[in-house]
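Coordinate inspection notes
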Amino acid sequence: MLHLIKMKNGIKIVFKYIAIFICIIILFISLLTLTSLIPRESIEEHTRESAEILTSQTNRLYFPVREWLMYFDNFTDALMINTAYSIDNSKPLYSAMVARRNYIPGVTKIIYEDKVGELGNFDKYTSGEVDQSGELAETVNGTIEESFEYARYWHGYLVLLRPALLLGNIGEIRIALTFIFIILLIILTIILAKKSSALYAIAVAIRNTWNRLFLYRNNTSKYTYISSYNDIKYHS
């Protein structure tokens, strides 16, 4: 009897977690669809300002810190903003899922499907490093006719980025995020200091500040990325 009761409870728990998982998927898709209904025109001004900022800084904003060469990853920021701007609000769910960039209805002539392991780029930028900042600027100016899908990933950041572009450009968004990060870091440090020790809390605060804010490389010219999961990856 006890065995049957445990089995029934186990089955209930399994179905509970399956239901929660399905509800979360529905919630995330709904949020992605709702934010994709925001008209492109509503975020055009701040997207244009962001393109000007990113092109002036180039794809990698470098600055030296002792023996380290630090940089902000404008390349990815430009790609994300381009994807947010390229959403077609007349087809919100489809646009969010295929995640095109450089897409403007009536202007785009060629759309390339996503290919695993490749990040397609405009013909103008095939030599050297792909210029995501340049592509974003040309997309806003309506001077680019090739669009590329990026459907292999879940672009959940669009739920926050598209509304954020209603309020400000990339510079203003960075400032807001920095303040939010500092506030959350202070709260985390206080909690850890109370539950553990002040020394441990400070160590965690330093580690999180370093890992969250910077991509960096050392003087051996090997690019190093430390993720939020404390993984270290080297690329020659």
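What comes next is a walk through the structure.

What follows is about the environment of methionine 80. Within the fold, methionine 80 resides in helix α3 (residues 74–85). Methionine 80 sits 82 residues away from arginine 162 along the chain, and the two C-alpha atoms are 9.9 Å apart. Discounting residues that sit within four places of it in the chain, methionine 80 has contacts with Tyr157, Leu158 and Leu161.

Core analysis: the largest hydrophobic core is formed by 20 residues, its most contacted members being Leu54, Ile81, Leu136, Leu161 and Leu165. Looking at this core, the elements with two or more residues in it are α2 (40–57), α3, α5 (132–141), α6 (158–167) and α7 (170–195). Here isoleucine 81 is in contact with Thr47, Ser50, Leu54, Leu136, Leu161, Leu165 and Ile170, once residues within four sequence places are set aside.

Structurally, histidine 155 is set in the loop between β4 (146–148) and α6. Residue classification places histidine 155 among the buried residues on the basis of a relative accessible area of 3%. Polar contacts involving the side chain of histidine 155 include one to the main-chain carbonyl oxygen of tyrosine 150, which spans 2.7 Å. One polar contact links histidine 155 to tyrosine 157, side chain to side chain, over a distance of 2.9 Å. If sequence neighbours within four positions are ignored, histidine 155 has contacts with Leu32, Thr83, Ala99 and Tyr150.

Parameters and conventions
Residues numbered from 1 in each chain as written. Predicted model: local features only at pLDDT ≥ 70, side-chain atom pairs only at ≥ 80, totals over all residues. Heavy atoms only, no water. Helix = DSSP H or I, 4+ residues; strand = E, 2+ residues; numbered from the N terminus. Contact = heavy atoms within 4.5 Å. Core = buried A, V, L, I, M, F, W, Y, C linked by side-chain atoms within 4.5 Å. Buried < 20%, exposed > 50% of the residue type's maximum accessible area, 1.4 Å probe, protein only. Polar contact = N/O pair within 3.5 Å; in protein donor to acceptor, adjacent residues only side chain to side chain.

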